[in-house]
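This is what each chain is made of:
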Amino acid sequence: MDVFTKLFGDFLVFVYHCFDRIVIHGYLTALSRPELVVHFFRDIVGVAEVSKEVLSQRTSDYQRWVEAYARNHAIPIEWAEKGVRKEDHVLPWLRRMERRDAYGVYFIIKSLEQGPTYRVSLPKYPSKDPHYRILAHQRSRFTHYYFYVRDEVLGPMVLLVASFFPFQTAYYLNAHSFIEQELKRAGIGFRKHDNAFLAVADPAALQAAADRLSPEIIRRRLDYWTLILGPKFSKKERAKLNLSRLYAISQIEYCRNFIFKRHFPIHKLFERSCELGLWRLGADKIALIFGTRLKRNRRMRGKLATVIDQIEHGHHVFRAYFKNAFLKQYEKFSAFLRNELCSNNLYDFGLKKGLDHLDAVRATFQAITDRFAGYQAEWLNVHVDFPLLQRLAHPITVGAVRYPGLKIHEPRIVRLLEVLLHGGPQIGGWTARQIRHAVLASFDLSEKTYGLNQLRYDLRKLKGHGLIERDGSRYAYRLTQKGVQVALLFLFFHKRLCGPLANSRFHHRPDPAHRPNSRLEVAYHRADTAIQRVVDLLAAA
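Residues numbered from 1 in each chain as written. Predicted model: local features only at pLDDT ≥ 70, side-chain atom pairs only at ≥ 80, totals over all residues. Heavy atoms only, no water.

Student: Please give an account of the side chain of His 17 that cites residues and values.
Tutor: Locating His 17 in the fold gives a position in strand β1 (residues 12–28). Taking the relative accessible area as the measure of exposure, His 17 reaches 14% and is therefore buried. Polar side-chain contacts of His 17 include one of 2.7 Å to the side chain of Tyr 254. Setting aside residues no more than four positions away along its own chain, His 17 makes contact with Gln 207, Ala 210, Tyr 254, Cys 255, Arg 256 and Gln 366. (Helix = DSSP H or I, 4+ residues; strand = E, 2+ residues; numbered from the N terminus. Buried < 20%, exposed > 50% of the residue type's maximum accessible area, 1.4 Å probe, protein only. Polar contact = N/O pair within 3.5 Å; in protein donor to acceptor, adjacent residues only side chain to side chain. Contact = heavy atoms within 4.5 Å.)

As structure tokens, then:
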């Protein structure tokens with residue numbers, strides 16, 4: 001990342017890195033195996049026969065509790081609609097909570113989904129115990145509850161609870177929401193859109209808030225909401241059985257965000273990065289970025305490739321896949337460039353899935369995204385297209401005044417810029433009559449060829465595009481800093497660069513074996529060769 005900030009620091013406002021989306025599964029370890037479920041019902045609840053009806057009774061009790069909870073707290077509860085994103089459907093209720101600055105559950109969605117359960121069957125042969133039943137794991141389709149919560153610490157989050165034994169839970173968090181809550185408590189101003197910070201009063205405080213997200217904070221809030229909204233157990237059951245949950249990371253994303261001052265460099269740099277990434281990011285470099293080495297005698301499971309996905313028209317995502325993880329880069333909101341690492345299986349990185357290992361995940365993912373940013377910086381440190389000539393050719397409107405465009409092939413404009421450039425040392429600028437006299441004398445023109453009104457028209461265009469300025473209130477003109485650069489570009493383009501190279505391409509290419517001893521002529525021959533190579537590469541692509 002140091003290379004990236006060194007090369008593009010002038011374009012950047014600030015850079016920050018943090019976790020993005022985190023999906024955590026919660027497991028009741030005390031009820032995770034069939035023998036433990038039998039122990040729970042027989043020895044603690046006092047039910048001799050663990051039947052399907054006994055398990056269904058627990059499910060019915062919890063479903064009735066959820067309905068009563070929603071009714072008592074005036075919380076909307078609905079079935080999920082096909083083809084409708086849940087997050088989009090509940091967004092109006094979240095906005096109401098934010099306007100009231102309230103916290104708690106604001107919506108519940110019911111959904112029929114596959115989940116882990118237990119199957120109860122009779123033994124094939126009679127046993128001494130008439131109440132003996134066989135319990136086995138299975139997956140079936142039953143009701144799941146999505147609780148949409150606005151938490152004081154973690155911000156908006158989703159708690160998914162399965163309504164059947166063993167009551168598995170899942171939690172959907174976003175670390176950007178946690179950072180938002182931290183900055184609000186600290187009184188630090190910021191501007192956040194969706195899951196990105198586009199402006200902040202103190203970038204160091206933003207990064208410090210991102211680093212404060214710890215396993216202890218997450219576990220404390222998950223335990224709280226699981227106790228409030230999860231399946232219900234009596235005091236006797238809680239006293240005799242450890243009903244604490246084991247939290248494991250199922251999916252996690254880590255992002256590195258580069259906030260730019262303006263849109264232009266992001267789009268152009270991202271386009272060139274996609275082109276070079278597809279060509280240069282081979283299997284060996286992908287493995288190097290992910291901190292491993294490919295072994296020819298071992299078959300790797302999962303993907304190892306680079307692709308460009310078109311999410312929507314004009315919006316692309318560059319992806320580099322490695323096993324069950326992938327790195328992606330994309331531009332968003334015309335304001336920032338994001339490198340994001342997404343993992344669906346932490347074992348790919350030699351990491352454990354337990355929530356307690358979150359700090360190790362952060363350190364590993366930081367190193368991977370840092371190496372990726374280093375490679376991206378090298379690819380982005382190239383020439384990109386800047387439509388300066390196209391912009392100058394278009395008319396512009398300043399206030400209520402419309403100024404015509406400037407064409408690079410107009411001889412009048414080229415002559416005028418050359419005279420103004422040579423007159424740069426004039427401290428007080430040149431009047432229109434002085435400029436006209438210099439143009440006529442320099443290019444041996446008659447007075448009828450270039451009249452004073454034509455000159456004033458050209459000066460008006462140059463002033464509208466910000467290339468010249470007046471000396472205070474006097475009608476004397478001089479080039480601005482931008483005007484000097486544009487004048488040099490126009491003149492070099494015509495006389496020193498494009499003119500000689502175009503002549504060598506279409507009329508006469510000098511023989512390199514008999515060229516004069518001139519460094520400039522050597523450079524022209526190199527440029528001819530390079531242009532031909534670029535043309536060949538583009539034709540092959």
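Let's pick the thread back up.
Student: Go over the sheet that holds strand β16 (residues 430–431) with me, naming the residues and quoting the values.
Tutor: An order of β16-β18-β17 is seen for the 3 strands of this open sheet, with the pairing classed as antiparallel. Bordering the open sheet on either side are β16 and β17 (468–470), each of which pairs with just one other strand. Judged from the 2 bridges that link them, β16 and strand β18 (residues 476–479) form a sheet pairing that is antiparallel. What sits directly across from Trp 430, in β18, is Tyr 477. (Pairing = 2+ DSSP bridges.)

Student: How would you summarise the environment of Gln 481 if you had to cite specific residues and measurements?
Tutor: Structurally, Gln 481 can be placed in helix α16 (residues 481–506). Taking relative accessible area as the criterion, Gln 481 reaches 67% and is therefore assigned exposed. Considered as a pair, Gln 481 and Glu 469 are 12 residues apart in the sequence and their alpha carbons are 9.9 Å apart.

Student: Help me get a handle on empty space enclosed by the protein, residues and values and all.
Tutor: The final tally for this structure, using the stated rule, is 3 cavities of 30 Å³ or more. Estimated volume of the largest cavity: approximately 70 Å³. Forming the walls of the largest cavity are Glu 78, Trp 79, Ala 80, Glu 81, Val 84, Arg 85, Lys 86, His 89 and Ile 109. Taken together, the elements giving at least two residues each to the lining of the largest cavity come down to β2 (77–79) and α4 (86–100). Here the residues of the lining of the largest cavity sort into 4 nonpolar, 1 polar and 4 charged. In this model, the second largest cavity occupies a volume close to 50 Å³. What lines the second largest cavity is simply Ile 22, Leu 154, Leu 173, Asn 174, Ala 175, Phe 178, Leu 213 and Ile 218. Counting residues per element, the ones that place at least two in the lining of the second largest cavity are β6 (169–174) and α5 (175–186). (1 Å grid on protein atoms, 1.4 Å probe; cavity = no way out; pocket = protein on both sides within 12 Å on 5 of 7 lines; lining within 4 Å. Points joined across faces, edges and corners; volume = space filled by probe spheres on them. Nonpolar A, V, L, I, M, F, W, Y, C, P; charged D, E, K, R; others polar.)

Student: Provide a residue-level description of the packing of helix α13 (residues 411–422) against helix α15 (residues 452–464), including the pertinent values.
Tutor: Two numbers describe how α13 lies on α15: the axes approach to 11 Å, and their chain directions differ by 75°. Viewed along their axes, α13 and α15 adopt a mutual orientation that is roughly perpendicular. Seen from α13, the contacting residues are Arg 412, Ile 413, Leu 416, Leu 417 and Leu 420; seen from α15, they are Gln 454, Leu 455, Tyr 457, Asp 458, Leu 459, Lys 461 and Leu 462. Across the contact of α13 with α15, the residue classes tally to 8 nonpolar, 1 polar and 3 charged. (Axes fitted to C-alpha atoms, helices over the stretch in contact; angles between N-to-C directions. Parallel < 35°, antiparallel > 145°, perpendicular 65-115°, else oblique.)

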